[in-house]
Every structure is written in C-alpha cells, then in structure tokens.
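Chain by chain, the residues:
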Amino acid sequence: MLVKLLSGKSFFVQIILGILFLILLFFQIQHVNLDWQSISGASLFTLACVVTVLFFHSTNLLKARGIAILYFLTWVLCFSEIALDFKTASALLTCTLIYWRFLAAEQSSENSKFLFDVGILLSISGFFYPPSFFLSGFLVILFSYTRSVNLKGFILLLMGFTLPLVVGVQLLYLIGQMEWLNSYQYAFCLDFISFPPWGLIPVGILVVLSWIDHLHQSMTQDINKRHKYFLTFLYFLNWILIIVLYAGENTNMLAFLGLPIAIFLTRFTQYQKSETLKEVIIWIYLATMIGYLFRAELVELYQDLLGNIAF
C-alpha cells in the first residue's frame, strides 16, 4: 500500500510528506531561543531539504521519487538539530549543490564552467565547515576516473575556490568578526566519532544489500547511470571519512549521509520485483529510524516497565 502511494506520479503524497516533515521539524527545534544564528540555520537546513527534493525530481537515477523523498526526509529529521548550527547547515546546502553540479556535468561535455562552479561551492562549504575541504579527495578520484583537467580548467577551479575565501575574509574584517578565523586553527584537529550508531545497523545492512544488488545488476544498466551511482558511492565514502575523523559527539553530522543513502535505498527498492519485499524494505527502514528518533523515550519507557516488575 505504501509503495503504491509513493510510486505514483501524483504530487499530493509528496506535499503531505513535506508538510508532515515541517511540522515534526518545528517540534524538534522549538525549544531553541530565536536569534539570527538559529533562524539562519533552520532556513538553510530547510533550503537544503528543498534542493534535495528538487534534485530527486530532476535526476534520471530514480523512478520512484516519492520513495526517495520519504527515505531522505525521515533520515534528516532524525538529525535535524544540525539546523541549530548555521555554519554546518550552510555546508550541508553547499555540499548538496556540489553533488548535484557533478551529476549535471556528467550529462554534458562541459568542463571549464563546471570547474569554476565547483571551486566556488567547495570554498563556501569549507569557509563555514572547514573539514568539508576534504571533499577534494572525492574530486580528485572523480576526475581521475571520468575526466581530465587541463591547465585552463585547473586555473578556473583555483579561481573559483579562492574568490569566496577572499570575499569572506573581507566581509569579516568589515563587520569586525575576525575572531571567526581564530577557530580555523582548531578546525582540523582530529575529533574521532564517539557515538557508535548501533541503532542504525539495520539501515547499514540495507545499504550494503543495495550495493550488492547494484553490482549484480550493473551489467544491465545504462553506463551513464553507473557513473552517477559510482559518483554517489564516492561522495558517501568521503563523508563517512570526514564524520569518522571530525564528528566527535555530534551525531547530527550524519545528516550529510541522507542524500546518498536515499539514492541507494530508493534504487534498491524500486528494482525489486516483489511488491511485498518493497513494503518490507520501507517498513524496516521506517521502524529503524522511528526507533532511533525516539530512542531516549523508549529507553525511559523500558526502564519504567522494568522497575514495576517484582520478582
């Protein structure tokens, strides 16, 4: 039933999902004091979600866009407190645009303008969240795999990367916020992940199964789509590495994985022949994410019930 609703071409179900997401997001962050940082962060986070939904509607990687939206919105809702940090929310938005820009470039032979755009977006992302500069590893592997960069392209990439940094430093100087730059000296200090996400293991298993299924079906797929899927895989691994090295106790950094996970699981779901299996995959995912979202309440309820049992 759920698969049929989400696989339809009607926008009504997607609109309902969006409204429900906004309501739940409001309850997630309603306790925050209103200031320019929290308002900016919430706005940028919402914009990042809107951009991702628009991407789902524009890409040929996915057919069941409603399913992709469900997967994505459910994931980011669990880590929506990232919206309280406008710097990280800014990085989430710009990294989403970087990924989209790469996929758009895969459909054409353009090179120069594409590199300038990527340089600008990567610079903005790193300006707000410096560890995201390590997405350059993703870029290097991608170019060695699908593209070659000539001297003109490299210069344009460097120009695009430098321009926002120069403008940003000048703005900080004009508004008297140069202490922002002082935090950069600690930005690349290793802060290894300290929150084992055991509750997300079922989702991890589904993601691994989706990769296995993709490899099994890869010979029957369009080569352009295979390249895009490989790009998504690189993007996902690069963010896994960044999170492992720098997330520390900030579980909300997992929000950066929402886009690739939604793509992996949507493709895995849409290509299943059994409608029952599709339903099972979606409900396993939803049950896992709901359990993770309300894990504190479930632990408290369990302790209360256990405390009332007399032996």
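Before reading on, note that the structure itself is shown above.
Residues numbered from 1 in each chain as written. Predicted model: local features only at pLDDT ≥ 70, side-chain atom pairs only at ≥ 80, totals over all residues. Heavy atoms only, no water.

Looking at the side chain of Lys228
In this structure, Lys228 sits in helix H11 (residues 223-246). A distance of 3.0 Å separates the side chain of Lys228 from the side chain of Asn60, its partner in a polar contact. (Helix = DSSP H or I, 4+ residues; strand = E, 2+ residues; numbered from the N terminus. Polar contact = N/O pair within 3.5 Å; in protein donor to acceptor, adjacent residues only side chain to side chain.)

Side note on the packing of aromatic side chains
Tallying each qualifying case throughout the model produces 23 aromatic pairs. Ring geometry for Phe55 versus Phe56: centroids 5.9 Å apart, planes at 50 degrees, classification tilted. Through pairs of rings, three or more aromatic residues link up here, namely Phe55, Phe56, Phe72, Tyr99, Trp100 and Tyr235. (Phe/Tyr/Trp six-rings, centres within 6.5 Å; stacked < 30°, edge-to-face > 60°.)

Section: the pattern of salt bridges
All chains considered together, the criterion is met by 2 salt bridges. The salt bridge partner of Arg101 is Asp117, with a shortest N-O separation of 3.0 Å. With Arg101 in helix H5 (residues 86-105) and Asp117 in helix H6 (residues 112-128), the pair connects residues that are 16 residues apart, well separated along the chain. In this pair, the class of Arg101 matches that of Asp117, namely buried. The partner of Lys278 in a salt bridge is Glu275, and the shortest N-O contact between them spans 3.4 Å. Placement of both Lys278 and Glu275 in helix H13 (residues 275-293) is noted, with a separation of 3 residues, approximately one turn of the helix. Under the relative-accessibility criterion, Glu275 is labelled partly exposed at 45%. (Salt bridge = Lys/Arg side-chain N within 4 Å of Asp/Glu carboxyl O. Buried < 20%, exposed > 50% of the residue type's maximum accessible area, 1.4 Å probe, protein only.)

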